[in-house]
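# Notes for the structure review
What follows is the residue order along each chain.
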Amino acid sequence: MKWNLRMVAAQRDLWRPTEVLAAFTEVGFTPSLSKVAAMWGGTPISVRLDDLDKICAALKCTPGDLLQAEPLDAALAPPEHGQKAVGAEEARPGPVRPTPRSGRRSGPRSLPPN
């Protein structure tokens, strides 16, 4: 998702986080200035839905104006078939079987002590 708070705020002639905070306060949304500055300067990891509603009310916009879907990067997509990680072994068909440790004697295991 692309976070467009700066663009939406600029369209409302709000150019600084302090001006955005004043607009938020008018609708009863009172985050700290540091929280507003964090939303202003980067993409938040999460936004509460009630906070998003208040942000939209303050900026007179919709959630679609603030959040725009973007395609996933190729780096985030799962690897294609035929590719493998460095050091990964080839997948063997069939069930996975444990292999004995080297240096162990072969034969039946001893019974536990009583």
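Residues numbered from 1 in each chain as written. Predicted model: local features only at pLDDT ≥ 70, side-chain atom pairs only at ≥ 80, totals over all residues. Heavy atoms only, no water.

## Some details on the nonpolar core
- In this structure, Leu5, Val20, Phe24, Met39, Ile55, Leu59 and Leu66 are the most contacted members of the largest nonpolar core, which totals 20 residues.
- Counting only elements with at least two residues in this core, the list comes to helix 1 (5-11), helix 2 (17-26), helix 3 (33-41) and helix 4 (49-59).
- Counting residues per element, this core draws most heavily on helix 4, which supplies 5 residues.
- With near-sequence residues (within four places) excluded, Leu59 lies in contact with Leu5, Val8, Arg12, Leu14, Phe24 and Leu66. (Core = buried A, V, L, I, M, F, W, Y, C linked by side-chain atoms within 4.5 Å. Buried < 20%, exposed > 50% of the residue type's maximum accessible area, 1.4 Å probe, protein only. Helix = DSSP H or I, 4+ residues; strand = E, 2+ residues; numbered from the N terminus. Contact = heavy atoms within 4.5 Å.)

## Describing the packing of helix 2 against helix 3
- Here helix 2 crosses helix 3 at 115°, and the two axes come no closer than 9 Å. Considering only the axes of helix 2 and helix 3, their crossing is right-handed. In this structure, helix 2 contributes Pro17, Thr18, Val20, Leu21 and Phe24 to the contact, and helix 3 contributes Leu33, Val36, Ala37, Met39 and Trp40.
- Its residues assigned to classes, the contact of helix 2 with helix 3 shows 9 nonpolar, 1 polar and no charged. (Axes fitted to C-alpha atoms, helices over the stretch in contact; angles between N-to-C directions. Left-handed = near helix turned anticlockwise from the far one by under 90°. Nonpolar A, V, L, I, M, F, W, Y, C, P; charged D, E, K, R; others polar.)

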